Amino acid sequence: MVMFKVSRVTTSPIDGQKPGTSGLRKKMETVKVFKQQNYLHNFVQSSFNALSPEKIRGMTLVVSGDGRYFSKDAIQIIIKMAAANGVRCVWVGQNGMLSTPAVSAVIRERVGKDGKKASGAFILTASHNPGGPNEDFGIKYNMENGGPAPEAITDKIYENTKSIKEYIIAEDLPDVDISAIGITTFTGPEGQFDVEVFDSASDYVKLMKSVFDFQSIRKLLSSPKFSFCYDALHGVGGAYAKSIFVEELGAKESSLLNCVPKEDFGGGHPDPNLTYAKELVARMGLGKSDAKDEPPEFGAASDGDADRNMILGKKFFVTPSDSVAIIAANAVEAIPYFSSGLKGVARSMPTSAALDVVAKHLNLKFFEVPTGWKFFGNLMDAGLCSICGEESFGTGSDHIREKDGIWAVLAWLSILAYKNKENLGGEKLVTVEEIVRKHWATYGRHYYTRYDYENVDAGAAKELMAYLVKLQSSLTEVNKIIKGIRSDVSNVTKADEFEYKDPVDSSISKHQGIRYMFEDGSRLVFRLSGTGSEGATIRVYIEQYEKDSSKTGRDSQEALAPLVEVALKLSKMQEFSGRSAPTVIT
């Protein structure tokens with residue numbers, strides 16, 4: 001048994017280690033940042049220091065991620081620091097790979113050889129951002145409920161990074177072979193320390209089988225009339241795709257696209273949207289040129305760490321805001337996990353109000369929260385929320401405490417299986433598009449788009465936001481400006497900067513986005529994003545509500561054109577950002 005010693009290494013604070021909504025992320029020339037002396041060490045030690053010594057001593061800790069460049073090096077560093085800080089056991093997914101939702105599932109469900117569960121995790125991911133030597137890397141800490149650390153902890157971590165003087169590490173601990181399943185045992189000053197490498201997929205697959213009716217999905221996938229395509233964008237979702245879709249559900253292996261995880265995501269941008277998931281979009285008949293073959297009936301993608309998702313029908317895009325509303329509307333009938341009813345539903349503030357209408361119709365508790373999955377986690381832990389979603393391609397439920405891309409894909413397959421259960425031998429299956437259009441006919445349609453202006457000068461972005469807040473002091477003046485831009489847009493009746501008081505712990509989150517609400521139920525929202533790694537990202541959310549079922553089939557761009565013009569001119573977007581067009585339109 002290998003013995004190790006504990007060393008205390010002198011260090012000093014490094015600027016810019018404030019975690020965003022999903023941890024600390026930097027460009028990899030910033031991995032050059034992460035590789036710079038003590039950068040990762042400082043953040044990890046600051047995280048340990050934010051927890052009580054009693055919590056760390058003897059704990060089981062999960063350390064894994066989406067497999068991006070620098071992950072394997074980072075895992076070895078964190079193992080050495082965990083040993084020195086008194087952690088009893090570190091669990092690592094084979095090859096250092098676990099999707100973010102799988103980490104949450106492992107914390108909540110997995111029991112170790114000693115009968116204990118994990119009580120926290122370091123997740124190595126920059127989510128939907130690119131990977132590679134000159135791209136992004138990230139790290140975040142998750143708590144014993146399986147969810148991201150709350151602001152009280154991330155604030156402590158940040159304060160610690162500003163005053164850190166030393167970190168603790170077992171420098172002589174040999175690197176662990178994380179490619180081989182098994183337990184490696186060491187001995188240190190406080191006794192035994194184990195590193196267990198385990199199969200990345202098994203715990204997550206077991207949980208999915210307890211949530212969904214795999215047999216009914218398998219019947220759908222076996223129908224000659226149904227075709228399917230899943231694109232992992234070379235992210236960690238590929239580590240689960242074969243197990244779930246092929247081995248468990250009987251899909252053809254040819255239905256899997258880009259399902260070999262790569263450190264640089266194959267040179268692509270692993271963000272499941274119409275801009276970056278080009279291959280899937282083309283296959284589904286939504287590309288600029290006609291598809292070579294008949295598009296599949298159903299297509300889906302997930303991002304780098306497999307917590308985000310995109311849902312497509314044949315030549316048809318389902319907005320994330322519609323997706324969560326449709327899942328909620330059909331969950332009790334189509335998904336066994338929800339058969340006894342929904343506790344409540346929630347959405348992030350920028351997400352369209354499609355879910356609100358479903359909640360009202362079904363008499364469900366409803367919550368509007370700031371962007372950041374930890375806010376949903378609080379509601380779920382209190383038994384107030386079953387299904388939730390974000391417009392940024394994040395959907396999930398209380399089976400774990402993270403958004404879950406593959407869960408969303410299985411939810412849609414469950415709805416399709418339910419709608420077609422009496423129809424698999426018929427002439428034509430109920431399609432994704434038909435499900436969405438029927439939903440609009442029942443609940444109305446929220447025409448919705450998001451404009452992203454990425455890597456804008458941070459100072460200019462803040463000036464734009466300050467200008468929009470100042471404008472809100474006079475709605476008369478706002479409406480006068482709007483009428484000067486478009487006379488066919490209704491009046492603003494309310495404008496504010498969104499502030500959230502958590503109904504569970506009474507914590508208050510301020511400055512969560514700037515809202516303009518219109519008389520006809522439409523909305524404009526402006527927000528600075530915390531998930532990028534450099535500069536600032538300005539997000540503009542434009543939403544037009546249409547109750548008249550005869551008008552829910554309009555082209556989205558046409559329906560939104562007046563509000564888009566108002567949003568860009570009211571905010572003086574080009575003047576402040578220097579951009580004549582957004583980086584991404586969703």
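Above this text you will find the structure in question.
Source: prediction; values computed, not measured.

**Student:** Describe helix α9 (residues 238-248), naming the residues involved and giving the relevant values.
**Tutor:** Listed in full, the buried residues belonging to α9 are Gly238, Tyr240, Ala241, Ser243, Ile244, Phe245 and Val246. For α9, the elements touching its buried residues are α5 (100-109), α7 (202-211), α8 (214-222), β11 (228-231), β12 (256-257) and α14 (405-419).

**Student:** Residue-level account of the packing of aromatic side chains, with values.
**Tutor:** Applying the stated criterion across every chain, the model contains 18 aromatic pairs. Between Phe4 and Phe193 the ring centres are 6.1 Å apart and the planes differ by 80°, which places this aromatic pair in the edge-to-face class. Highlighted residues: Phe4 in the loop between β1 (2-3) and β2 (7-10) and Phe193 in strand β10 (residues 191-198), separated in sequence by 189 residues. Overall, Phe4 belongs to the buried group, its relative accessible area being 6%.

**Student:** Give a description of the nonpolar core that names residues and reports values.
**Tutor:** As a rule of thumb, soluble globular proteins bury nonpolar side chains together. The biggest cluster of nonpolar side chains holds 80 residues, and the ones touching the most others in it are Tyr230, Ile244, Phe245, Phe298, Leu410 and Leu413. The element contributing the most residues to this core is α14, with 11 residues. What Ile244 contacts, discounting residues up to four positions off in sequence, is Tyr204, Val205, Met208, Phe214, Leu249, Ile406 and Leu410. Within the second largest apolar cluster, 49 residues are counted, among which are Leu24, Phe34, Leu51 and Ile75.

**Student:** An account of the pairing of strand β18 (residues 387-390) is needed here, citing residue identities and associated values.
**Tutor:** Here β18 shows two buried faces, one formed by Ile387 and Gly389 and the other by Cys388 and Glu390. Of the pairings in the sheet, the one linking strand β16 (residues 345-348) to β18 comprises 3 bridges and is parallel in character. Along β18, the bridge assignment pairs Val345 with Ile387. As judged from the 4 bridges shared by β18 and strand β19 (residues 394-397), these two strands associate in the antiparallel manner. Opposite Glu390, over in β19, you have Gly394 as the bridge partner. Between the antiparallel neighbours β18 and β19 lie 3 residues, among them Phe393 with a positive phi of about 65°.

**Student:** Describe in detail the pattern of salt bridges, supporting the description with residues and values.
**Tutor:** With the rule as written, the count across this model stands at 33 salt bridges. With its nearest N and O atoms 3.4 Å apart, the salt bridge here joins Asp203 to Arg110. Of this pair, Asp203 sits in helix α7 while Arg110 sits in the loop between α5 and β6 (120-124), placing them 93 residues apart in sequence. On the basis of relative accessibility, which here comes to 18%, the residue Asp203 falls in the buried class. Residue Arg110 is classed as buried on the basis of its relative accessible area, which comes to 10%. Here Asp398 makes a salt bridge to Lys343, at a shortest N to O gap of 2.8 Å. With Asp398 in the loop between β19 and α14 and Lys343 in the loop between α11 (320-334) and β16, this pair connects stretches of sequence that are 55 residues apart. Salt bridges sharing partners connect three or more residues here, namely Arg347, Asp356, Glu368, Lys494, Asp496, Arg515, Arg523 and Glu543.

**Student:** So, the environment of Val6: which residues are in play, and what are the values?
**Tutor:** Within the fold, Val6 resides in the loop between β1 and β2. Taking the C-alpha atoms as reference, Val6 lies 8.3 Å from Ala83; in sequence the two are 77 residues apart. Each residue touching Val6, except ones within four places of it in the same chain, is listed here: Ala84, Ile168, Ile169 and Pro189.

**Student:** Could you give me a rundown of α8, with the residues and numbers involved?
**Tutor:** Those residues of α8 lying buried are Phe214, Ile217, Leu220 and Leu221. For α8, the angular spread of the buried residues around the axis is 120°, confining them to a single face. Seen from the buried face of α8, the exposed residues on the opposite side, beyond 90 degrees, are Gln215 and Ser222. For α8, the elements touching its buried residues are α7, β11, α9 and α14. Where α8 starts, the residue carrying a side-chain oxygen 3.1 Å from the main-chain nitrogen of Gln215 turns out to be Asp213.

**Student:** Describe in detail unusual backbone geometry, supporting the description with residues and values.
**Tutor:** Phi is positive for His234, which is not a glycine, with a value near 60°. A relative accessible area of 14% means that His234 is categorised as buried. Of note in this structure, Phe265 is not a glycine but carries a positive phi near 55°. Here Phe265 shows up in the loop between β12 and α10 (278-283). In this structure Phe265 comes out as buried when scored by relative accessible area, which is 2%.

**Student:** Describe the sheet that holds β11, with residues and values.
**Tutor:** Taken in spatial order, the 5 strands make up an open sheet running β12-β11-β13-β14-β15, and their pairing is mixed. Strands with a single pairing partner mark the edges of an open sheet, and in this sheet they are β12 and β15 (316-318). With 3 bridges connecting them, strand β14 (residues 309-313) and β15 associate as antiparallel partners. The residue of β15 that forms the bridge with Leu312 is Phe317.

The rules behind each value
- Per chain, the residues get numbers from 1 upward, laid out in the order the sequence is written.
- Local features in this predicted model are restricted to residues whose pLDDT is 70 or higher, and side-chain atom pairs enter the listing and the counts only when it is 80 or higher, whereas totals over whole chains, interfaces and linings include all residues.
- Calculated side-chain values reflect all of the structure's heavy atoms, with hydrogen atoms and water omitted.
- Burial status follows relative accessibility: with a 1.4 Å probe on protein chains alone, a residue under 20% of its type maximum counts as buried, one over 50% as exposed, and anything between as partly exposed.
- Numbered from the N terminus, helices here are DSSP runs of H or I no shorter than four residues, and strands are runs of E no shorter than two.
- What makes two residues a contact is simply this: any of their non-hydrogen atoms within 4.5 Å.
- Put simply, two rings from Phe, Tyr or Trp (the six-membered ring, in Trp's case) pair if the centres are within 6.5 Å, and we call them stacked under 30 degrees between planes, edge-to-face over 60, tilted for the rest.
- In this text, buried Ala, Val, Leu, Ile, Met, Phe, Trp, Tyr and Cys residues form a nonpolar core when linked through side-chain atoms within 4.5 Å.
- In short, DSSP must find at least two bridges between two strands for them to pair.
- A carboxyl oxygen of Asp or Glu within 4 Å of a side-chain nitrogen of Lys or Arg is what we treat as a salt bridge.
- As used here, the arc is the angular range of directions from the helix axis to the C-beta atoms.
- Identification of polar contacts relies on pairs of N or O atoms within 3.5 Å, with a donor-acceptor requirement for protein atoms, meaning one able to donate a hydrogen and the other able to accept it, and with residues adjacent in sequence counted only if both atoms are side-chain atoms.

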